[in-house]
Amino acid sequence: MNLPATPIAKGTSFTAPCTLGAWKKLEDLAQAQAVPHLRELLSDPERALSMSVHLHGMQLDYSHQRVTPSVLAALAELAQASQLSEHIQALFSGDQVNVSEQRAALHVALRGQGVTSPPWGESIQHQVESELERVCSFVNRFESHGLKGYSDEPFTDVVNLGIGGSALGPLTCVQALESLNVGRSPHPKVHFVSNVDAWSLWQTLEGLNPRTTLFIVQSKTFTTQETTLLAQSAKRWLSDHGCPPMALSLHLVAVTAREDLAAKQGFLPSQTFRFWDWVGGRYSVWSAIGLPVALAIGADDFKRLLAGARAMDEHFSTAPTLQNIPVLMALLGVWNRNFLKAPSHHIATYAYRLRGLTPYIQQLDMESNGKGTHLNASRVQVETAPIVWGGLGIDGQHAYFQLIHQGEHLVPVDFIGIRQDQNCPMPLTQEHLRCLHLNMMAQAQAMALGRDESHTRSEMQAQGLSPEAIDALAPHRSFKGNTPSSSLWLQELDAFNLGMLMALYEHKTFVQASIWGINPFDQWGVELGKTMANELARHPDDHA
Ligand code: F6P
């Protein structure tokens, strides 16, 4: 049943992607196996140079992707046929791109401070700028010890209580940028608790001083069961340690789109920060949800994080298709997912400080594009989001990379590395950095080139193994290769670069949704479980 489509952008209409000429062209290219093995493609010495895009020191090297100029041309044609530029314009203009909830998705406005004649309008610009000002002055008051608890002592620790988009973005940033504080005057220690398991809260609180601990309760809806219970427990912890009831609110900050609910629960207006329903949870780190980040790194560096995201926004909304980093990564992902039929997509970060990035991208990508319904309410006719998995690449090499090298799944990889590290106080930092670089490059090469059986046999022969041993072992020790990857290099891991990186993945997600003809900004799929949990809570005996 094809309902009249609610176009994602004014003046556009929904067309099933698999009916587009460009889609059929890509199917033909894939079926004709028109792309040689990466061993052959990478024998071209110019390939890496011609297949790199740069932005403010960031480099995307996509030479290890299984594409040729004709595949890239067909992908660019698909972007155009999918009305991508109209969709990007709609996103920035505040159109109701979240068609099932009739909302805009204006995370780009959150980092658009100072933009003249903003496409999202002056009213939103003013709201965003004034709330950012409130966040920054709160941070400055905290740093000047103007914020005190029930014992009149300044706060030393901040505990963020929130889950999903109310935790993952801020956690990623705090972990990635903790190095900024090396050698700086002490900033608060910021802790994150998202899991309702009491041990998770206990292990965080047991070492903290209630008199100097501030809780930030982050929840867009302010009705998330887990966060509500964590907040209740936090209040109980404060009271049990001597905080008088009237002083509880000094230790509590709310960040929410429902200020009314926060007020009803006793949060002070001066310690309640707002964001709007046109900000998706998984796109919200740039809003007041970023308060724990601003407290951890300071207001100036928080603004640099926003500036990095803004730089990516400008690139995304102006660069030509095949010079546009988010668009390229999205199109390569579509080629791998829909035409090479890869069921998953792997993120391998080669920087310990980026250990939060994969969980962040998992929510961003799979909660946005893990959908089965096209914009016109028909059942999808193409594969949508892949299973996103991964983690720290160095650890992966000694664990699950085996499957990527010799398993039966095709697993495209994003390798993410940092070129320079000037902050780490360890004396051998540069040796550690070189080890990271070499391993990241070696893994991309091994996955692409592999080692065919004839080479394996010659190597084993050279090692002096007997013909019988070689016959028995060579198949086990050979590698098919041809696993595609992109390598994303940041010049250094500072706030600006991190802002670019996180905004890059937001836009990649949006482009893929635009091509698949789905809505990346709703998440009806998470509703059923919540409803059933509430039902069980109301009738515990029925299901004991
Ligand atoms: O259940 C999924 C979800 O709604 C996410 O989209 C969201 O980021 C998270 O839960 C937390 O929601 P809230 O910020 O409203 O507590």
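This text goes with the structure placed above it.
Model, not experiment: these values are computed from the prediction.

Student: I tried to follow helix α9 (residues 225–240) on my own but got confused; where do I start?
Tutor: It helps to recall that an α-helix has 3.6 residues per turn; residues three or four apart then point in one direction. Here α9 contains 16 residues, and its C-alpha end-to-end distance of 22 Å stays within 8% of the 22 Å for a straight helix at 1.5 Å per residue. Burial in α9 covers these residues: T227, L230, A231, A234, W237 and L238. The buried residues of α9 occupy an angular sector of 120 degrees when the element is viewed end-on, so they sit on one face. More than 90 degrees from the buried face of α9, the exposed residues found are Q232, R236 and D240. In the core, the buried residues of α9 are packed alongside β3 (157–161), β4 (189–193), α8 (198–205) and β5 (213–218). Positive phi shows up at G242, right after α9, with a value of about 105 degrees.

Student: When you look at the site of the ligand in this model, what are you seeing that I'm missing?
Tutor: In the vicinity of the ligand lie 13 residues, with G165, S166, S219, T221 and T224 positioned nearest. In this structure, S166 approaches the ligand through a side-chain N or O atom, which is 2.7 Å from an oxygen atom. K530 is positioned with one of its side-chain polar atoms (N or O) 3.0 Å from an oxygen atom of the ligand. When the ligand is considered free in solution it has 390 Å² of accessible area, and contact with the protein chains removes 88% of it. With respect to the detected pockets, the ligand is housed in the largest pocket. By residue class, the composition of the shell around the ligand is 2 nonpolar, 8 polar and 3 charged.

Student: Sorry if this is basic, but what is going on with the nonpolar core here?
Tutor: The tendency in soluble globular proteins is for nonpolar side chains to be buried as a group. Core analysis: the biggest nonpolar cluster contains 128 residues, and L291, W335, L354, L501 and Y505 have the highest contact counts within it. Per element, the largest residue contribution to this core is 13 residues, and it comes from helix α20 (residues 495–516). Apart from the residues lying within four places of it in its own chain, the contact partners of L501 are M58, L354, L357, I416, L488 and L490.

Student: Explain the packing of helix α12 (residues 299–318) against helix α13 (residues 325–339) to me, please; I cannot follow it from the model alone.
Tutor: Packed helices, taken two at a time, are described by their axes: the angle between them and the distance between them. Packing of α12 against α13 leaves a shortest axis separation of 7 Å and a crossing angle of 70 degrees. When the axis of α12 is compared with that of α13, the two are roughly perpendicular. Residues M312, H315 and F316 of α12 lie in contact with α13, whose contacting residues are I325, P326 and V327. Considering only residue class, the contact of α12 with α13 consists of 5 nonpolar, 1 polar and no charged.

Student: Explain unusual backbone geometry here, please?
Tutor: For residues besides glycine, phi is generally negative; the peptide bonds are generally trans as well. In the Ramachandran plot, D152 falls in the positive-phi region, its phi being about 65 degrees despite a non-glycine side chain. With respect to the helices and strands, D152 occurs in the loop between α6 (122–143) and β3. The exposure class assigned to D152 is exposed, which follows from its relative accessible area of 56%. A positive phi angle is found at N482, which is not glycine, with a value near 60 degrees.

Reading the values: rules and limits
- Residues numbered from 1 in each chain as written.
- Predicted model: local features only at pLDDT ≥ 70, side-chain atom pairs only at ≥ 80, totals over all residues.
- Heavy atoms only, no water.
- Helix = DSSP H or I, 4+ residues; strand = E, 2+ residues; numbered from the N terminus.
- Expected span 1.5 Å × (residues − 1).
- Buried < 20%, exposed > 50% of the residue type's maximum accessible area, 1.4 Å probe, protein only.
- Arc of directions from axis to C-beta.
- Contact = heavy atoms within 4.5 Å.
- Near = heavy atom within 4 Å.
- Polar contact = N/O pair within 3.5 Å; in protein donor to acceptor, adjacent residues only side chain to side chain.
- Areas by Shrake-Rupley, 256 points an atom, 1.4 Å probe, with all protein chains shown as cover.
- 1 Å grid on protein atoms, 1.4 Å probe; cavity = no way out; pocket = protein on both sides within 12 Å on 5 of 7 lines; lining within 4 Å.
- Sits in = over half its atoms within 2 Å of the grid points.
- Nonpolar A, V, L, I, M, F, W, Y, C, P; charged D, E, K, R; others polar.
- Core = buried A, V, L, I, M, F, W, Y, C linked by side-chain atoms within 4.5 Å.
- Axes fitted to C-alpha atoms, helices over the stretch in contact; angles between N-to-C directions.
- Parallel < 35°, antiparallel > 145°, perpendicular 65-115°, else oblique.

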